[in-house]
Amino acid sequence: MSDDDIKKCLHTRVFGRRLLLVDSLDSTNERAKALIRQGEEEGTAVVAEEQTAGRGRLGRSWHSERGKNLTFSLIVTPDMAPAEAGLLSLCAALAVSRALGETAGLSAECKWPNDVLLNGKKCCGILSEAIPRPGRNPAIVIGIGINVNQSAFPPEIERTATSVMLAAGREVDRAALLAAVLLHLESLYALLLGADRAAIVSQWTEACPMTGTTVAVDAGGTRLSGTVAGFDRDGAMILRTEGSERKIYAGDVTIIQP
Ligand code: BTN
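Basis of the calculations
- All residue numbers here refer to positions counted from 1 along the written sequence of the relevant chain.
- Only residues with pLDDT of 70 or above have their local features reported here, since the model is predicted, and side-chain atom pairs are shown and tallied only from 80 upward, although totals for entire chains, interfaces and linings are computed over all residues.
- Only hydrogens and water are set aside; all other atoms, that is, all heavy atoms of the structure, feed into the side-chain values.
- Only DSSP runs of H or I reaching four residues or more are called helices, and only runs of E reaching two or more are called strands; each is numbered from the N terminus.
- We compute the radius of gyration over the C-alpha atoms and compare it with the globule rule, which gives 2.2 Å times the number of residues raised to the power 0.38.
- Burial classes: relative accessible area under 20% of the type maximum marks a residue as buried, over 50% as exposed, and values in between as partly exposed (1.4 Å probe, protein chains only).
- Here, residues are in contact when the closest pair of their heavy atoms is within 4.5 Å.
- Reported accessibility uses the Shrake-Rupley method at a 1.4 Å probe radius. Residues are deemed covered only where the shown protein chains occlude them.
- By convention in this text, a residue qualifies as near a molecule or strand provided that one of its non-hydrogen atoms is within 4 Å of it.
- Any pair of nitrogen or oxygen atoms within 3.5 Å is treated as a polar contact; in protein, a donor-acceptor pairing is required on top of that, and neighbouring residues in sequence qualify only through side-chain atoms on both sides.
- Throughout this entry, Asp, Glu, Lys and Arg are counted as charged residues, while Ala, Val, Leu, Ile, Met, Phe, Trp, Tyr, Cys and Pro are counted as nonpolar. The remaining residues, Gly among them, count as polar.
- Remark: nonpolar core denotes a set of buried residues (Ala, Val, Leu, Ile, Met, Phe, Trp, Tyr, Cys) joined through side-chain atoms within 4.5 Å.
- As used here, the arc belongs to the directions running from the helix axis to the C-beta atoms.
- Two strands are said to pair when DSSP picks up at least two bridges between them.
- Only the stretch in contact is used when a helix axis is fitted, and all axes are lines through C-alpha atoms; the angle between N-to-C directions ranges over 0 to 180 degrees.
- Whenever Lys or Arg places a side-chain nitrogen within 4 Å of a carboxyl oxygen from Asp or Glu, that contact is recorded as a salt bridge.

Chemist: Hey, could you run me through the overall build of the protein in this one?
Modeler: Secondary structure assignment for the protein yields six helices and twelve strands. Its C-alpha atoms give the protein a radius of gyration of 17 Å, near enough to 18 Å, the size a compact globule of 258 residues would have. C-alpha atoms of the protein, sized along the principal axes, occupy 55 × 50 × 30 Å. Evaluated residue by residue, the protein yields a buried proportion of 53% over its 258 residues. Nonlocal contacts in the protein, meaning residues at least 24 apart in sequence, comprise 63% of its contacts between residues at least 6 apart. Here the protein displays about 11600 Å² of accessible surface, and carbon together with sulfur accounts for 48% of that area.

Right under this line is the structure:
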């Protein structure tokens, strides 16, 4: 995938217009954070053909075969309360699911807080991180990993992971998929900043068929189980447990009963 391949497909106004395409680096999130410290502004995307230390949520690592997938990070600087930053991950998952429909004809589902599934298996993970900036609002790095043309996975994730190619039965153009994600994300981001949180949450609810399911949540060491009652305006998942409802902002969710 070349710079030109991506630029040819890109129809955004800002997102990805400044693009750093790197052959190999530790983690695109780490590179994006370093760029922010040097004053990089909103919209810059860092894309890598290989990450030697790709990171997932909850201290996990992100495995991705060199040259087969998409691993990238986008810098945004939204004027919003830190508590609402979770909405950005929801926007990113929604953008990926739409781009998969458009470029691969697939019907993807979102899984709270920030996974995208194909046929019940994970094809995309998102890791958003806030970076403080002296005297300014924090910048946020939205890191997105999509298994695109990878055909096999390590034993520890082979039961739960899939790729776009495995689901579509054909190879998919990574540059076109990347450009489509950035375009959808740019328009969802505009909706978010236009203060239309309710629209984002209702679009999310449509793409994420978890409402009514019974789930187990590992929220920072606390294990809870209950029924998903829906999603709140700030992106939290509302969990009904023994008659009371509580908002969950982060955690690892397992669907016990669909
Ligand atoms: C997860 O599902 O746990 C989140 C995975 C996020 C992986 C992406 S790949 C691009 C970016 N750089 C990283 O080091 N991680 C994210």
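Chemist: Help me understand the site of the ligand in this model?
Modeler: Among the 20 residues in the neighbourhood of the ligand, the closest are listed as Ser-27, Gln-51, Arg-55, Arg-57 and Lys-122. In the model, a nitrogen atom of the ligand is placed 3.0 Å from a nitrogen or oxygen of the Thr-28 side chain. Arg-57 is positioned with one of its backbone polar atoms (N or O) 2.7 Å from an oxygen atom of the ligand. Here the ligand loses 98% of its free accessible area of 420 Å² to cover by the protein chains. Of all the secondary-structure elements, those providing two or more residues to the shell around the ligand are helix H2 (28-37), strand E3 (70-76), strand E6 (121-133) and strand E7 (136-146). Per element, the largest residue contribution to the shell around the ligand is four residues, and it comes from E6. In terms of residue class, the shell around the ligand is built from five nonpolar, eleven polar and four charged.

Chemist: Help me understand the nonpolar core, please; the structure alone is not making it clear to me.
Modeler: Across soluble globular proteins, nonpolar side chains show a tendency to be buried alongside one another. Formed by 66 residues in total, the largest nonpolar core has its most connected members in Ile-144, Ile-146 and Met-237. Residues contacting Ile-144, with those up to four places away along its chain left out, are Leu-70, Thr-71, Phe-72, Ala-92, Val-96, Cys-124, Gly-125, Ile-126, Val-181 and Leu-185. Ranked by size, the runner-up nonpolar core spans eleven residues in total, among them Ile-36, Ala-48, Ile-131 and Val-141.

Chemist: Is there a simple way to think about H2 in this case?
Modeler: Each turn of an α-helix holds 3.6 residues, which means side chains three or four residues apart point in the same direction. Residues Thr-28, Asn-29, Ala-32, Lys-33, Leu-35 and Ile-36 constitute the buried set of H2. Looking down the long axis of H2, one finds its buried residues gathered within 160° of arc, a one-sided arrangement. The opening residue of H2, the one whose side-chain oxygen lies 3.2 Å from the backbone nitrogen of Asn-29, is Ser-27. In the segment just after H2, Gly-39 is the residue with positive phi, at about 100°.

Chemist: How should the sheet that holds strand E8 (residues 214-219) be read in this particular structure?
Modeler: Adjacent strands of a sheet pair through backbone hydrogen bonds, lying either parallel or antiparallel. In space, the five strands of this open sheet follow the order E11-E10-E9-E8-E12, with antiparallel pairing throughout. Here the strands that pair on one side only, and so sit at the sheet edges, are strand E11 (244-248) and strand E12 (252-257). This sheet shows a mean twist of 45° between the axes of neighbouring strands, independent of strand direction. Of the pairings in the sheet, the one linking strand E10 (residues 237-241) to E11 comprises five bridges and is antiparallel in character. Paired with Thr-241 across the bridge in E11 is Ser-244.

Chemist: When you look at the pattern of salt bridges in this model, what are you seeing that I'm missing?
Modeler: It is possible for side chains of opposite charge to pair when their charged atoms get near one another. Applying the stated criterion across every chain, the model contains 15 salt bridges. Note that Glu-49 is salt-bridged to Arg-174, the shortest N-O span being 2.8 Å. Note that Glu-49 is positioned in strand E2 (residues 45-51) and Arg-174 in helix H5 (residues 174-193), a separation of 125 residues in sequence. The pair formed by Glu-49 and Arg-174 is uniform in burial state, with each residue classed as buried.

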